[in-house]
Amino acid sequence: MKIKILMDNTAKEGFDSVHGFSSIIEAGKKILFDLGPNDLFLKNAEKLGEDLNDIDTIVLSHGHWDHGDGLAYLSDKKLILHPSSFIERFRKRNNTHVGLAMSKEELQAKYEIIESSEPYWLSDQMVFLGEIPRENDFESKESPFLLPDGSSDFVPDDSAIAIKLSKGLVVISGCAHAGICNTVSYARKVCGEDKVYAVLGGFHLKEIDELTKKTIQFLKNEKVELVGPTHCTSFKVRDEFKKHLKVINLDAGAVMDL
């Protein structure tokens, strides 16, 4: 399988960065996973020699602006997402909008939309996980987001991609609002695999607190060989991960063969 990072908060020399995430994943099928907040994913894709006209399927990890507002810059493709990706949502701290800029109706005019809260297989190797159960006792207990009625938004649409390889599962999250450990556990269940080889993407961990420590311990217990915490994972948390696990950088422009 191959992963190319088109957009992230940091970038390799020669590429540009922005707060957001986008990647091309190839494992039995070639897909675009997230598109970031603007058209930068197109510019970085061109620098990587990628023609996105060759890709017919987009998978959206969840309905936040920094992962999905790039949808304005493509059309005429399949768009796979959780049904709750379209809901209105806001930040608690300042009530600013964090949902998608385009409405469901606007997106339906541009894309063939497939809504799935269940696992949706993209190829024999690769699956969109759908809605991820929140089963452990330490993740997804608080949320910085609000719904229009003032209740907390725990981002039920948060999902991820899992890929079956001979050396184990590769799990790729957008932001892991469901909890990266919950995500890994569900990927193992959906794929019927025990071994997890790599866990990559946004982990939404900001502080070296109990949540981060339990996440590191979980990944160590799972004997994960490779982790790539990026995007919404703070630099100090990434540094803490490096003390315990093998960490790779997923800057925009990075290319990985796994």
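Computed from a predicted model, the values in this text were never measured in an experiment. The residue count restarts for each chain, going from 1 along the sequence in the order it is written. Only residues with pLDDT of at least 70 get local features here, since the model is predicted, and only at 80 or more are side-chain atom pairs given and counted; chain-wide, interface and lining totals rely on the full set of residues. Processing note: side-chain calculations cover all non-hydrogen atoms of the structure and skip hydrogens and water entirely.

A word on the packing of aromatic side chains
Working definition: rings of Phe, Tyr and Trp (its six-membered ring) pair if their centres are within 6.5 Å, and the pair is stacked with planes under 30 degrees apart, edge-to-face with planes over 60 apart, and tilted otherwise. As enumerated under the stated definition, the model contains two aromatic pairs in all. Relative to F33, the ring of F21 has its centre 6.4 Å away and its plane inclined at 80°; by these criteria the two rings are edge-to-face. One end of the pair, F21, is in the loop between β1 (2-7) and β2 (22-26); the other, F33, is in strand β3 (residues 30-35), and twelve residues separate them in sequence. F33 carries the same exposure label as F21, and that label is buried. Comment: elements are numbered from the N terminus, with helices defined as DSSP H or I runs of at least four residues and strands as E runs of at least two. Buried residues are those whose accessible area, probed at 1.4 Å on protein chains only, stays under 20% of the maximum for their type, while exposed residues exceed 50% and partly exposed ones sit between those limits.

Section: the pattern of salt bridges
In what follows, salt bridge is the name for a side-chain nitrogen of Lys or Arg lying within 4 Å of a carboxyl oxygen of Asp or Glu. In total, this model carries 16 salt bridges according to the counting rule given. One salt bridge in this structure joins D257 and K2, with 3.8 Å as the shortest N-O distance. A residue pair is termed long-range when its members are at least 10 positions apart, and D257 in strand β15 (residues 255-257) and K2 in strand β1 qualify at 255 residues. Judged by relative accessible area, D257 falls into the exposed class, the value being 57%.

Focus on the sheet that holds strand β14 (residues 226-230)
The strand order across the open sheet built from six strands is β8-β9-β11-β12-β13-β14, with neighbouring strands paired in mixed fashion. Every interior strand has two partners, whereas the edge strands, β8 (120-121) and β14, have only one. Looking at chain direction, strand β9 (residues 126-128) and strand β11 (residues 160-165) are connected through three bridges and run antiparallel. Within β11, the position partnered with V127 by the bridge is A162. Most of the contacts of helix α4 (residues 180-191) go to strand β12 (residues 168-173), to which it runs at about 135°, and overall it touches β8, β9, β11, β12 and β13 (196-202). We treat two strands as partners when DSSP finds at least two bridges between them. A contact between two residues is defined here by any heavy atoms of the two lying within 4.5 Å. In this description, a line fitted to the C-alpha atoms serves as the axis of each element, helices being fitted only across the stretch in contact, and the angle between N-to-C directions of two axes falls anywhere from 0 to 180 degrees.

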